[in-house]
Each structure stands twice: as structure tokens, then as C-alpha cells.
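Residues per chain are reported as follows:
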Amino acid sequence: MSQLRYAVWYEPTGEVYDIFNKIIRQLAVMYHSPVFEPHITLLLGGTSISLATITKKLEKVISTTIPFETHFTSYSYIDEYFKCIFVQIEKSSGIMDFANAIQSEINGQPIHDYTPHLSLFYGQLPVAEKEKIIENLENVSKKYFTIAKVHIIEYELGKPPESWKKVASIPL
């Protein structure tokens, strides 16, 4: 039985998008891992509510949101499939308030442990390999962009990232 869900994220724009898209694709080729769009997830765990309902709820949150900048701080890694290697994002009031408002509106509860990040690699690697990869990446500590729109992504639990579909985009 299909377990259709929706994720909510936003993507970097311009040069920042190009930098991270290139890194994700290069690492995917090197390590035979999934390819995915560079993004910052805003709704932890996704949701199974209808597309119409999630769109309406997002539009409500977005109507009171002022576009904000997203600043990248440093690369990091953990022993988690979807955060194997990632870029940390500054926990500004803009992103924290926005993610909290989305989580509260859609799932009815605030976020308590939101760590904004942009994943670069999905998979499992030894710590030494992760450190070697990070050493060779371009410094992004001064890179930033202004959020332009939020995307709703349709996915099925257990299906690979290549099957994820962008089904709606809502501008700020």
C-alpha cells in the first residue's frame, strides 16, 4: 500500500544553487548515491494531509512572512543517512520563525530541535572519508541567498529520492 507524503522545503538560488547542485551530483557519481535537488527542509517528518490542505496552510504562513536571507556557516557530518554530509545554516530568527510557523500550522506543534541544513550526500561513509570530502569542498561560510519560494514535494515512504516530485511552488 502506498504511503504518499508531502515534504516542504526551499532551495538556494543563483550561484549558491549551482555550487551545491554540482557538489551533490559529483558525490553521487563518485559514491553511487542518490541525486537530489539542493534544499533546506522546513517541515520535519513530512505530512500525509492532502495537497490542497497543505497548500492552503502554507499560503497562510507565507502571507505573513518577510523574505529572509539564508547564510551558510560550515560543513559537517553525522551518522545519519539523509545528513551524511551537509552544510550548516545560521539559525537566524528568519529561518527559525518560518520553520516553526510551518510546523505549527501543518502539524499542530512547534519544532523543538530544528537544525537548518542543506544535505550534500545521502548514504553511509566512514568518518575519515567524510572528513576527506569536506576538506576538499569550497568554503561557503560567506555564501548566502534570499528565500524566493517554498516547494511542496510529493514522495512515497521507502522510495528513492529520484522519485520525489515537486508538485507546487509558492512564492514569498
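What you see is a predicted model; the values in this text were computed from it and never measured.

Q: Please explain helix α4 (residues 127-135) as it appears in this structure.
A: For an α-helix the count is 3.6 residues per turn, leaving residues at separations of three or four pointing the same way. Listing the buried residues of α4 in full gives Lys130, Ile133 and Ile134. All buried residues of α4 fall inside an arc of 95° around its axis, so they share one side. The exposed set on the far side of α4, more than 90 degrees from its buried face, consists of Ala128 and Glu135. Tucked into the core, α4 has its buried residues touching α1 (14-31), β3 (69-77) and β4 (85-89).

Q: In this structure, what is going on with the packing of helix α2 (residues 51-62) against helix α3 (residues 93-107)? I would like to understand it.
A: For any two helices packed against each other, one specifies the crossing angle of their axes together with the interaxial distance. Their axes nearest at 10 Å, the elements α2 and α3 cross at an angle of 140°. Remark: the crossing between α2 and α3 carries right-handed chirality. Contact with α2, carried on its side by Ile54, Lys57, Leu58, Lys60, Val61 and Ile62, involves Phe98, Ala101, Ile102, Glu105 and Ile106 of α3 and no other residues of that element. Of the residues contributing to the contact of α2 with α3, the split by class is eight nonpolar, no polar and three charged.

Q: Is there a simple way to think about the pairing of β3 in this case?
A: In summary, the side chains of a regular strand alternate between the two faces of the sheet. Examined bridge by bridge, β3 and strand β6 (residues 144-146) share three bridges and lie antiparallel to one another. By the bridge assignment, Thr70 is partnered in β6 with Phe145. Taken together, the four bridges between β3 and β4 define a ladder with antiparallel strand orientation. What sits directly across from Tyr77, in β4, is Ile85.

Q: Looking at this model, I keep getting lost on the nonpolar core. Mind explaining?
A: Looking at soluble globular proteins, one finds that nonpolar side chains tend to be buried together. Residues Phe20 and Leu120 are the most contacted members of the largest nonpolar core, which totals 51 residues. The element contributing the most residues to this core is α1, with six residues. Every residue in contact with Leu120, bar those within four places of it in the chain, is listed here: Phe20, Ile23, Ile24, Leu27, Phe36, Tyr75, Ile85, Phe86, Val87 and Leu137.

Q: Got a minute to help me understand the sheet that holds strand β1 (residues 4-10) in this structure?
A: In a beta sheet, neighbouring strands pair by backbone hydrogen bonds and run either parallel or antiparallel. Taken in spatial order, the four strands line up as β2-β1-β7-β8 in an open sheet, and their pairing is antiparallel. Because the sheet does not close on itself, it has two edges, and the strands there are β2 (40-41) and β8 (165-171). Bridge count between β1 and strand β7 (residues 149-156): six bridges; the pairing is antiparallel. Bridging across to β7, Ala7 finds its partner in Ile153.

Each value, and the rule that gives it
Residues numbered from 1 in each chain as written. Predicted model: local features only at pLDDT ≥ 70, side-chain atom pairs only at ≥ 80, totals over all residues. Heavy atoms only, no water. Buried < 20%, exposed > 50% of the residue type's maximum accessible area, 1.4 Å probe, protein only. Helix = DSSP H or I, 4+ residues; strand = E, 2+ residues; numbered from the N terminus. Arc of directions from axis to C-beta. Contact = heavy atoms within 4.5 Å. Axes fitted to C-alpha atoms, helices over the stretch in contact; angles between N-to-C directions. Left-handed = near helix turned anticlockwise from the far one by under 90°. Nonpolar A, V, L, I, M, F, W, Y, C, P; charged D, E, K, R; others polar. Pairing = 2+ DSSP bridges. Core = buried A, V, L, I, M, F, W, Y, C linked by side-chain atoms within 4.5 Å.

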